[in-house]
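A structural walkthrough
The lines below spell out each chain.
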Amino acid sequence: MDETTLPLTELLATDLDDGFTELVRTQAGTVRAVLLRLSGSARDADDLGQETFLRAYSALRGYPPERRGQLQPRAWLLTIAANVWRNHVRTLSRRPGVADGIEVTTIEIPDGSPGPEQLALDGARRARLVAALSSLPDHHRLPVVLRHIGELSYQEVAGILDCPVGTVKAQVSRGLAALRAEPGLAPDRKTYGAAGDTGTAGPAPGRATARTAHEAARTERKEATG
């Protein structure tokens, strides 16, 4: 959008069709990245993303302009996406024997990364992160993905999950701890220090795991938006 274009929420309030087009353009990558990490399948992420935006457009048509102008677009869309994914999970639970379809090869390392050895290490770690996220129980996976892939605040995640902020923080912490415990996802001792080390050689292990998730999400958002 150029400098003369209305802000997204104002555009939604004044011109729903143009506003929705801009909503898709700016938020489709985030929605897909979140759904990909929740479902573990690129095909399911695409299907669930389409359903998310169909539901979003239907809801927006029923909102008065004042309400459309007060939306928090990302948090609002990810609320819809989370509900779509939950419905998908409930449907799958009634269809035993359906394969999970977890895909671990959909993340590419962006240009400008270190040399081949580091590329291989980072790529393998991200692939393991995808598989590890898919193996988390739903009550840990959803808050971790919303927080570190959707990049929502704890308050926004708490609103989506309809629970206290403290509960969200605990769920995210436990989810990240489970990810760190996965083979190949624990930080390198040389980089982050030995267990119990309180020095400043590098970021904390939890932040390292979360940063990997952030980097993966940024790559996917760039790919989704072209």
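Residues numbered from 1 in each chain as written. Predicted model: local features only at pLDDT ≥ 70, side-chain atom pairs only at ≥ 80, totals over all residues. Heavy atoms only, no water.

1. Some thoughts on the nonpolar core
Leu60, Trp76, Leu78, Leu146 and Leu179 are the most contacted members of the largest nonpolar core, which has 46 residues in total. For this core, the secondary structure elements donating two or more residues are helix H1 (8–14), helix H2 (16–39), helix H3 (42–62), helix H5 (73–93), helix H6 (116–135), helix H7 (138–148), helix H8 (154–161) and helix H9 (165–180). Every residue in contact with Leu146, bar those within four places of it in the chain, is listed here: Val34, Leu78, Glu151, Leu152, Val157, Ile160 and Leu161. (Core = buried A, V, L, I, M, F, W, Y, C linked by side-chain atoms within 4.5 Å. Buried < 20%, exposed > 50% of the residue type's maximum accessible area, 1.4 Å probe, protein only. Helix = DSSP H or I, 4+ residues; strand = E, 2+ residues; numbered from the N terminus. Contact = heavy atoms within 4.5 Å.)

2. With respect to the confidence of the model for the protein chain
Across the protein chain, pLDDT averages 76, with 65% of residues at or above 70. Low pLDDT, under 50, characterises residues 97–121; the predicted model gives this stretch 36 contacts beyond four residues in sequence or across chains. Overall, residues 188–205 carries pLDDT values under 50, and its contacts beyond four positions in sequence, including any with other chains, amount to 13 contacts. (pLDDT = per-residue confidence, 0-100.)

3. Focus: the pattern of salt bridges
This structure, assessed with the given rule, holds five salt bridges. One salt bridge in this structure joins Asp138 and Arg141, with 3.4 Å as the shortest N-O distance. Within this pair, Asp138 and its partner Arg141 are both found in helix H7, separated by three residues, close to a single helical turn. We classify Asp138 as partly exposed; its relative accessible area is 35%. On the basis of relative accessibility, which here comes to 10%, the residue Arg141 falls in the buried class. (Salt bridge = Lys/Arg side-chain N within 4 Å of Asp/Glu carboxyl O.)

4. Let's talk about the packing of aromatic side chains
For the structure shown, the criterion picks out three aromatic pairs. Ring geometry for Phe20 versus Phe53: centroids 6.2 Å apart, planes at 75 degrees, classification edge-to-face. With a gap of 33 residues between them, Phe20 in helix H2 and Phe53 in helix H3 connect regions that are remote in the sequence. Judged by its relative accessible area of 11%, Phe53 is buried. Relative to Tyr57, the ring of Phe20 lies with its centre 4.9 Å away and its plane at 65 degrees, an arrangement referred to as edge-to-face. With Phe20 in helix H2 and Tyr57 in helix H3, the pair connects residues that are 37 residues apart, well separated along the chain. The partly exposed category is assigned to Tyr57, whose relative accessible area is 25%. Site record: aromatic cluster; members linked through ring pairs are Phe20, Phe53 and Tyr57. For Arg67, the ring lying beneath its charged end belongs to Tyr63, and the centroid distance is 3.8 Å. If you follow Arg147 out to its NZ or CZ, it ends over the ring of Tyr154, 4.3 Å from the centre. (Phe/Tyr/Trp six-rings, centres within 6.5 Å; stacked < 30°, edge-to-face > 60°. Lys NZ or Arg CZ within 6 Å of the ring centre and 35° of its normal.)

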